Amino acid sequence: MFNKDHTYGLVLDGGGTRGAFQIGAWRALRESDIKIEAVVGTSVGSINGAFLAADSYDRAVRLWETMDYSKIFGTELTDFGKILKDKGIDVSPLRALISKEIDEQAVRMSPVKFGLATLNLSDWKEMDVFIDDIPKGMLCDYIMASAYLPFFKSEKLAGGITFLDGGIYNNSPVNMLLDDGYRHIIVIKLGEHIGIEKKVDTSTATIREVLPSEDLGSLIDVDQTKIIHNMQLGYCDTLRMIEGLAGRRYYIRPDCSRRWDLPADDAEYFAKRLKLGKHFQKDQLAYAALDFMADAIGLERLTIYSCDDLLVKIKKQLPFYLAGTGYSEESRKLEHLIGSLLMNV
């Protein structure tokens, strides 16, 4: 079980525009009153982490909800001639955006300690830095350094140094928090990445990971529908971790107190059908059946359901689903299983 009484360090992975997932995760942490005392990130994780340290949630949401290519790139991604001529993609709009939207003073004054990971190409040296290590007035440069992908137009940043995206060598800088003494850590993952995830000894700490339950898309995808979807996915997947929500695809609060009865043969059939294993509990089967039915009838997935709310929605759609299956043997068994939960709904 997740312990809400602990104070946590937070790690935000790199992953381009998939970072919208982390904003949804932040919303879940805020609503659940999870205490964060430090945040470290790589690449987009450093951008989101700076917003979090500055307590600029509304500003971060607004930025993500209005994201488009023009806010990141000064070069059309299809203008290969200019990209080749310039030896990379112009990201001056991203630099201007970070400088405008992230309040360096608020990050420095924050009770939430901020850090980031990057790679110093001038010395080919990895750099893990906390806010006190960053010269005043240089936070924007260091965040750009952490997020500087290999295909960006080369430029010197902080101190005249050339940097490369920190995700190339350390996409998930858990080591920064461990080395700084944090022992309760939450990591917000963003799926597959092209860089390295540094191996660290976590045996002395409690690490809780939030993994996306579906593919977040490409590194550079500013489709607004996708961004908003990924934000809601981050919210739901993080609440699953915090509250122990039931369901595989759906998010069901484990508050079902209904009694149900099902013949042993049918129970074993569905336990196997739903891949619960041999030693399943009745409540496991009930939630798995609800999850299965919600998916089968096409209910909205990215919603937090109470058991009763989900049962009501299933009850309305169940006759149409059963008719669509031609009342097969499996559907009749499923009707009995769900029907036992639907009593008095």
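Fair warning: this is a prediction, and the values are worked out from it, not measured in the lab.

Caption draft 1: Region of interest: the environment of leucine 178. Relative to the elements of secondary structure, leucine 178 occurs in helix α9 (residues 174–179). The spacing of leucine 178 and valine 200 is 22 residues in sequence and 8.8 Å in space, taken between C-alpha atoms.

Caption draft 2: Geometry of helix α13 (residues 307–324). With 18 residues, α13 extends 25 Å between its outermost C-alpha atoms, agreeing within 8% with the 26 Å of an ideal straight helix rising 1.5 Å per residue. Helix geometry: α13 is bent most strongly at glutamine 317, by close to 45°, with proline proline 319 lying one to four residues after it. The set of residues buried in α13 consists of Cys307, Leu310, Leu311, Ile314, Leu318, Tyr321 and Leu322.

Caption draft 3: Up close: the environment of tryptophan 64. Along the polypeptide, tryptophan 64 turns up in helix α3 (residues 57–65). The sequence separation of tryptophan 64 and alanine 20 amounts to 44 residues, and the corresponding C-alpha distance is 6.7 Å.

Caption draft 4: A look at the side chain of aspartate 13. Within the secondary structure, aspartate 13 is located in the loop between β1 (7–12) and α1 (20–31). A relative accessible area of 1% means that aspartate 13 is categorised as buried. Engagement of the side chain of aspartate 13 in a polar contact is seen with the side chain of serine 172, the distance being 2.7 Å. Other than its neighbours up to four places away in sequence, aspartate 13 contacts Gln22, Thr42, Val44, Gly45, Asn171, Ser172, Val187, Ile188, Lys189, Leu190 and Glu197.

Caption draft 5: Focus on the packing of aromatic side chains. A complete count under the given rule lists three aromatic pairs for this structure. Considering the side-chain rings of phenylalanine 2 and tyrosine 8, the 4.9 Å spacing of their centres and the 15° angle between planes classify their relative orientation as stacked. Using a relative accessible area of 9% as the deciding quantity, one classes phenylalanine 2 as buried. With a centroid separation of 6.4 Å and 45° between ring planes, the pair formed by tyrosine 250 and tyrosine 305 is classed as tilted. Here tyrosine 305 lies in strand β9 (residues 304–305) and tyrosine 250 lies in the loop between α10 (224–243) and β8 (251–252), a separation of 55 residues in the sequence. Taken as a pair, tyrosine 250 and tyrosine 305 share a single burial class, namely buried. Cation over ring: arginine 27 sits above tyrosine 235, and NZ or CZ is 3.6 Å from the ring centre. Positioned over the ring face of phenylalanine 130 is lysine 113, at 4.4 Å from the centre of the ring.

Caption draft 6: Representation of the nonpolar core. In terms of nonpolar packing, the biggest core is built from 66 residues, with Leu10, Ile102, Val107, Phe114, Ile143 and Ile186 touching the most fellow members. In terms of residue count, the dominant contributor to this core is α10 (eight residues). Once you skip the residues sitting within four places of it in the chain, leucine 10 turns out to touch Leu29, Ile36, Ala38, Val39, Val40, Leu52, Leu177, Ile186 and Ile188. Met293, Leu299, Tyr305 and Leu311 belong to the second-largest nonpolar core, a separate cluster that totals 17 residues.

Caption draft 7: The environment of threonine 206, seen in detail. You can see threonine 206 is positioned in strand β7 (residues 206–210). Note on threonine 206: relative accessible area 41%, which makes it partly exposed. Sequence-distant contacts of threonine 206, defined by excluding residues within four places in its chain, comprise Arg183, His184 and Ile185.

Rules used throughout
Residues numbered from 1 in each chain as written. Predicted model: local features only at pLDDT ≥ 70, side-chain atom pairs only at ≥ 80, totals over all residues. Heavy atoms only, no water. Helix = DSSP H or I, 4+ residues; strand = E, 2+ residues; numbered from the N terminus. Expected span 1.5 Å × (residues − 1). Bend = angle between axes of the 7 residues up to and from the residue. Buried < 20%, exposed > 50% of the residue type's maximum accessible area, 1.4 Å probe, protein only. Polar contact = N/O pair within 3.5 Å; in protein donor to acceptor, adjacent residues only side chain to side chain. Contact = heavy atoms within 4.5 Å. Phe/Tyr/Trp six-rings, centres within 6.5 Å; stacked < 30°, edge-to-face > 60°. Lys NZ or Arg CZ within 6 Å of the ring centre and 35° of its normal. Core = buried A, V, L, I, M, F, W, Y, C linked by side-chain atoms within 4.5 Å.

Any functional reading would require information that these geometric values do not contain.
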